[in-house]
Amino acid sequence: MANHKHFSAVLNVPKATILLLLQCIELSSAVGVSPASQMQTAGRWKLLLNNTGVVAMHMALTHHNTVVIFDQTSAGPSGYHLRRRFGGKRCTGSHSDTIDPTCYAHSVEYDISTNQVRALQLSSDTWCSSGSFLSNGTLLQTGGYGSGSRRIRNFHPCEDHHCDWSEAHTLLSNDRWYASNQILPEHDQLIVVGGRRTFTYEFVPKMGNEKSYNLPFLHQTLNNREGGNNLYPFLHLSSDGNLFIFANRDSILFNYRRNTVVKTFPRIPGGGARNYPSTGSSVILPLDHRNGFQEVEIMVCGGSATGAYRAARRGQFLEGLQSCGRMVITGNTHKWKMEDMPEPRLLHDMLTLPTGNILIINGAKTGCAGWDNARNASLQPYLYNPKNQPNRRFTVLKSTKIARMYHSSAIVLTDGRILIAGGNAHRNYTFENVPYPTELRLQAYHPHYTESKYDDQRPRNVTIHYAHGDYGIKYGGEFTVRFELERRREDGVEFNAYAPPFATHSFSMNQRLLKLRSKSMERNGNGGWVSAVVEAPPSPNVAPAGYYLLTVVNGGIPSVSRWIRFINS
């Protein structure tokens, strides 16, 4: 962590300059940006690797603090050349071997502690696939292209980092290319929704006798002229156990157990579309113990203008959508509350930070998703504070110099940094004579809260003590969190549990953050040690079983997160 220096000077400023500055501040408030953000340079960027070898079309953090990164196997040679094919035959320097995709890795595991990658083996094509973590930390990965469209894969991380992909003998019932996944409250059950030319959903493993179930909502939201615009639908598990599904501009609350629509929500205002290939993004805002986790609010931001897909195919790149919508999906009153980002944006990632704020990062300002279909990279991240008043929620953060367009991704790490990788708008890896070359560099964005000037306010040496053994914490149970705290901030201490997502195509599947209840908190002796008794979520509807990151947050300054596991009784 580096010191973040601030410089100030006393200047004789002309009146005209002061007037112009005031006008800029007034304008920034009108588009939803905090005035203070106009001079914002918070955070810093760091290059970690010049070459990950593989484009981060898909990315996920495991509970062994490694990151699984993978692309499509049909993309031809990657940037990670193998000495031997996975079958054992040597890869030579011959022309045939230098263009043979089997002599290249298409998946790697990144070790955060050593800053190194190792090759993994994929047996089927994962192009535009989906995934979820099971309760034991296994990444269950579904679908893809061609030979991979009905495949089910598993990656079970291990301490010695010698694990690899395996494929299940069972297949999906339908082709799942550009589908979305959501882990369900039922133990290790997930739902897979949609896909190109697929208007159904199914369960893994199967729930009932049906192979798959028709979902008319996917027929209703399809726009054939615009490449679909309902692919990679946004899925969020509501705390009432129903599934929120958003596609194109519309959304429903769906009872997947009975195959019935519980609610049809108002259409999000404005034109354009939000799902692939228009490719906005969505999060479920933090769930809070103070309302019993019963208020569930969804946020959708950005996307592409009406006609953007057809225009991009003609070489014209329409300005993206600038608007965000928030809507409470529980209760009886449902209305989108709209606000604007500082600029139009699409192809971006929305991440829930340990503080409960939302980071919007990566993407473009014009065009849509697809091969070479976007321009004008969005280089500045936005920080969104859901608790602030309208017009004061967005802060513009420090720019990167690396464009992260189509097929890039971002995830939150245990130390609060953001890992960013990928970017490839081409059928194969292409590094020359294109507006946006294939991007293999790996970066970390350090949010402002990682700066060393906050170290005296940062909870340190966090340890978690389960009430009964080390296996996990049952729903509604208690556990103890012990940590050092030198200086407590006025906003108080929070205990936030975060479900790390599977990230692809601007949607972080299964991402959610819970603000847990602290039943008691006391200092131990004369030192800075604090001991808190914290209550686990009440049910798997609120937090499906599995590994979460527990963060102690002192007035907006987070600790390094620790892994915690919620289990069924």
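Note that the structure is a prediction, hence the values are computed from the model and not measured.

What counts and what doesn't
- Residues numbered from 1 in each chain as written.
- Predicted model: local features only at pLDDT ≥ 70, side-chain atom pairs only at ≥ 80, totals over all residues.
- Heavy atoms only, no water.
- Pairing = 2+ DSSP bridges.
- Helix = DSSP H or I, 4+ residues; strand = E, 2+ residues; numbered from the N terminus.
- Axes fitted to C-alpha atoms, helices over the stretch in contact; angles between N-to-C directions.
- Disulfide = S-S within 2.5 Å.
- Buried < 20%, exposed > 50% of the residue type's maximum accessible area, 1.4 Å probe, protein only.
- pLDDT = per-residue confidence, 0-100.
- Contact = heavy atoms within 4.5 Å.
- Phe/Tyr/Trp six-rings, centres within 6.5 Å; stacked < 30°, edge-to-face > 60°.
- Lys NZ or Arg CZ within 6 Å of the ring centre and 35° of its normal.
- Core = buried A, V, L, I, M, F, W, Y, C linked by side-chain atoms within 4.5 Å.
- Polar contact = N/O pair within 3.5 Å; in protein donor to acceptor, adjacent residues only side chain to side chain.

With that out of the way, let us pick up the sheet that holds strand β1 (residues 44–49). Overall, antiparallel pairing links the four strands, which are arranged β1-β31-β30-β29 in an open sheet. Two strands in the sheet have a free side with no partner beyond their single neighbour: β1 and β29 (408–412). The average undirected angle you get between the axes of adjacent strands in this sheet is 25°.

What follows covers the sheet that holds strand β6 (residues 130–133). Judged by pairing direction, the sheet is antiparallel, and its four strands sit side by side in the order β6-β7-β8-β9 without closing on themselves. This sheet does not close on itself; its edge strands, each paired only once, are β6 and β9 (166–167).

Moving on: the state of the cysteines. Enumeration over the complete set of coordinates arrives at three disulfides. Covalent S-S linkage joins C91 and C103, the inter-sulfur distance amounting to 2.1 Å. On the sign convention where negative means left-handed, the S-S torsion of about -100° between C91 and C103 marks this disulfide as left-handed. Placement of C91 in the loop between β3 (66–70) and α2 (95–98) and of C103 in the loop between α2 and β4 (107–111) is noted, with a sequence separation of 12 residues between them. By the burial criterion, C91 is buried, and C103 matches it. A sulfur-sulfur separation of 2.1 Å characterises the disulfide bridge that pairs C301 with C324. Taking the sign of the S-S torsion, 120° for the link of C301 and C324, the bridge is right-handed. Taken together, the positions of C301 in strand β20 (residues 297–301) and C324 in strand β21 (residues 323–328) put the pair 23 residues apart, joining distant regions of the chain. Here the two residues C301 and C324 agree in accessibility, since each one is buried.

Turning to the confidence of the model for the protein chain, a few remarks are in order. Averaged over every residue, the pLDDT of the protein chain is 91; residues scoring 70 or more account for 92%. Within the model, pLDDT remains below 50 along residues 34–40, and this stretch shows 16 contacts once partners closer than five positions in the same chain are excluded.

Per the counting criterion, the structure on display carries 27 aromatic pairs. An angle of 75° between the planes, with centres 5.8 Å apart, marks the rings of W371 and Y406 as edge-to-face. On the criterion of sequence distance, the pair formed by W371 in the loop between β25 (364–367) and β26 (374–377) and Y406 in the loop between β28 (394–396) and β29 is long-range, its members being 35 residues apart. Residue placement shows R196 over the ring face of W177; its charged tip is 5.3 Å from the ring centre.

The subject of this paragraph is the nonpolar core. Core analysis: the largest hydrophobic core is formed by 73 residues, its most contacted members being F479, F483 and F566. Here the element with the most residues in this core is strand β35 (residues 493–499); it accounts for four residues. Leaving out residues up to four positions away in the same chain, F566 has contacts with I473, Y475, A497, L516, A536, P537, A543, A545, G546 and Y548. Counting 42 residues, the second-largest nonpolar core is a separate cluster that includes W45, A56, L359 and A410.

For the peptide bond that leads from V204 to P205, omega is -10°, which places it in the cis range. Within the secondary structure, P205 sits in the loop between β12 (200–204) and β13 (213–214). In this structure, the amide linkage connecting Y276 to the following residue, P277, adopts the cis form with an omega of 5°. Among the structural elements, P277 can be located in the loop between β17 (260–264) and β18 (281–284). The phi dihedral of N461 is positive, around 50°, even though this residue is not glycine. Structurally, N461 can be placed in strand β32 (residues 460–466). Overall, N461 belongs to the partly exposed group, its relative accessible area being 42%.

Here we come to the pairing of β26. Relative to β26, β25 runs antiparallel, the two sharing three bridges. Residue T366 lies in a different strand from β26, and its bridge partner there is R375. Here β25 folds back onto β26 in antiparallel fashion, the turn holding six residues, of which G370 has a positive phi close to 120°.

Right, let's get into the side chain of Q72. Tracing the backbone through its elements, the reader meets Q72 in the loop between β3 and α2. A distance of 3.1 Å separates a polar atom in the side chain of Q72 from a polar atom in the side chain of S74. Contacts of Q72, omitting those with residues within four sequence positions, involve M57, H106, D125, T126, W127, W371, H407 and R427.

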